[in-house]
Amino acid sequence: MEKKSVVILGATGSIGIQTLEVIEKLDNFYISGIVFGKNINLAREIIKKHNIENYYSPYFPTYKFSTLEEMLEKLNPDIVVAAIPGFDGLIAILQSIPYTKRLALATKEALVCAGPFIKNECEKHKVELIPIDSEHSAIFQLFDENVVKIMITASGGAVRNVKKNKLSKLKPNDILKHPVWNMGKRITVDSATMVNKAFEVMEAYELFNIENIDVHIHPTGTVHGAVLLNDGTVKIHFGFPDMKVPIAYSLTYPERKFNNPKWPKFDPKNFEFYNVDEEKYPAFFYGKSILKDLAKRIAFNAADEIAVQRFLTEKIKFPQIADIIINTCENIRGNVNSIDDIFEIDKISRNFAQEI
Ligand code: MG
């Protein structure tokens, strides 16, 4: 069988590195190229260790290729794994779609800020869009035409067991320890505010064209999601929280080639679910309420990034993250007709959030 070629956008990040590890364990895949940012030392290590011939970095354009498109045009990879965060990631995705057959998607901004555009491009170029995020991968694996409602789980982040009246006392270090996943700083704060889960609801809405999306807090992270069917059946996706599993599935779909036979116990604690507290996670509920408003979703993402930065540098208190997000979104409105509109609304939102 011919091996499938993979290009990783964002090879030095957490998803990128885990994708490299997964591909090492799979028989029929190889890395044909990688894209990285400023982390040149780690990139060199990866290039050497995995014998990677083609690589590109916008920060070191004197390397092999001067643009990403130049590399993609040469490689025409079977799969592009999109794991560059932020708008850089969004641009790289838009540049990649014409040159591949499958987009394995981890960059949140792609669907949150540009969902309709990404989906259109994928359709136009006949590219399969497969989610990598554990919750969306779970729903993707369960989904069928009888789904009436989706449920995705949330850890509740570092504040899950913190009393509401203590939230304003929290320092960055209290937030940066996450109970289930080990991730970057912004996403760890986003997990504590559950802004991350609001993003995931927006992504699920774009991926599955369904508005009926529930979220439950689930401390062990062993249930990733569920679909509720018209005949009263609930299909639940259950497994250890390990990103390598959904990464592998995004590559091998519709087959399951990742050999990893370990499963969580059928223990009551692995099936505990709680409602999300509206007073504790106001940004999450606000995010859910703007599900269908793309301009406000762009503002939501932009304001969150500004607010998280200010919290991490101790300029604002934890509950003010939500205040800044909601205040910004309430003041941003408009139509989003192009990618340029997205960048424009993002810029205006950032400026607005800075001023608050
Ligand atoms: Mg997730």
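The structure this text deals with has already been given above.
The structure displayed is predicted, hence computed values, not measured ones.

Calculation rules
- Residues numbered from 1 in each chain as written.
- Predicted model: local features only at pLDDT ≥ 70, side-chain atom pairs only at ≥ 80, totals over all residues.
- Heavy atoms only, no water.
- Pairing = 2+ DSSP bridges.
- Helix = DSSP H or I, 4+ residues; strand = E, 2+ residues; numbered from the N terminus.
- Axes fitted to C-alpha atoms, helices over the stretch in contact; angles between N-to-C directions.
- Buried < 20%, exposed > 50% of the residue type's maximum accessible area, 1.4 Å probe, protein only.
- Contact = heavy atoms within 4.5 Å.
- Donors = N, O, S within 2.8 Å, 3.2 Å for Na, K, Ca; no water.
- 1 Å grid on protein atoms, 1.4 Å probe; cavity = no way out; pocket = protein on both sides within 12 Å on 5 of 7 lines; lining within 4 Å.
- Points joined across faces, edges and corners; volume = space filled by probe spheres on them.
- Nonpolar A, V, L, I, M, F, W, Y, C, P; charged D, E, K, R; others polar.
- Patch = residues over 30% accessible without salt bridge, like charges linked within 9 Å, V, L, I, M, F, W, Y side chains within 5 Å.
- Areas by Shrake-Rupley, 256 points an atom, 1.4 Å probe, with all protein chains shown as cover.
- Salt bridge = Lys/Arg side-chain N within 4 Å of Asp/Glu carboxyl O.

Some remarks on the sheet that holds strand S3 (residues 54–56)
Here is step 1: Taken together, six strands build an open sheet; the order of strands is S3-S2-S1-S4-S5-S6 and the sheet is parallel. Edge strands, defined here as strands with exactly one partner in the open sheet, are S3 and strand S6 (128–131). Sheet twist, expressed as the average angle between the axes of neighbouring strands with direction ignored, equals 25°.
Here is step 2: Relative to S6, strand S5 (residues 102–105) runs parallel, the two being bridged by four bridges. Paired with Arg-102 across the bridge in S6 is Glu-128.

Let's talk about the pairing of strand S8 (residues 213–217)
Here is step 1: Residues Ile-213, Val-215 and Ile-217 point to one face of S8 and are all buried, whereas Asp-214 and His-216, pointing to the other face, are not buried.
Here is step 2: Where strand S7 (residues 147–154) lies against S8, five bridges are found, and the strand directions are parallel. Considered in S8, the bridge of Thr-153 is made with His-216.

Notes on the sheet that holds strand S10 (residues 234–238)
Here is step 1: With respect to topology, four strands assemble into an open sheet ordered S8-S7-S9-S10, the strand pairing being mixed. Where the open sheet ends on each side, the last strands, each with one partner, are S8 and S10. Neighbour-to-neighbour, the strand axes of this sheet turn through a mean angle of 20°, independent of strand direction.
Here is step 2: Across the face of the sheet, helix H6 (residues 134–142) comes into contact with S7, strand S9 (223–229) and S10 while running at roughly 35° to S9.

Re the coordination of the magnesium ion
Here is step 1: For the magnesium ion, the full set of protein donor atoms is Asp-133 (OD), Glu-135 (OE) and Glu-200 (OE), and the range of their distances to it is 2.1 to 2.5 Å.
Here is step 2: Of note, the donors binding the magnesium ion are all from one chain and are spaced D-x1-E-x64-E. Of this pair, Asp-133 sits in the loop between S6 and H6 while Glu-200 sits in helix H9 (residues 195–208); the two residues are 67 residues apart in sequence, bridging distant segments of the chain. Residue Asp-133 shares its accessibility class with Glu-200, and that shared class is buried.

Quick look at the layout of surface pockets
Here is step 1: Quantified by volume, the second largest pocket comes out at close to 520 Å³.
Here is step 2: Forming the walls of the second largest pocket are 26 residues, and the residues nearest its centre are His-237, Gly-239, Val-245, Arg-256 and Asn-260.
Here is step 3: Contributions of two or more residues to the lining of the second largest pocket are made by H6, S10 and helix H10 (244–252).
Here is step 4: By residue number, the principal contributor to the lining of the second largest pocket is H10, which donates five residues.
Here is step 5: Here the residues of the lining of the second largest pocket are counted per class, giving 14 nonpolar, eight polar and four charged.

Some remarks on a nonpolar patch on the surface
Here is step 1: A surface patch of nonpolar side chains, about 330 Å² in accessible area, is lined by Phe-266, Phe-271 and Phe-273.
Here is step 2: Classification of Phe-273 by relative accessible area gives partly exposed; the value is 32%.

Points about the pattern of salt bridges
Here is step 1: Taken as a whole and judged by the stated rule, the model has 24 salt bridges.
Here is step 2: With a closest N to O distance of 3.0 Å, Glu-128 and Arg-102 form a salt bridge. With Glu-128 in strand S6 and Arg-102 in strand S5, this pair connects stretches of sequence that are 26 residues apart.
Here is step 3: Glu-128 sits in the partly exposed class, given a relative accessible area of 35%.
Here is step 4: Linking Glu-279 and Lys-164 is a salt bridge whose minimum nitrogen-to-oxygen distance equals 3.8 Å. Taken together, the positions of Glu-279 in the loop between H10 and helix H11 (282–289) and Lys-164 in the loop between S7 and helix H7 (172–175) put the pair 115 residues apart, joining distant regions of the chain.

None of this, on its own, says anything about what the molecule does.
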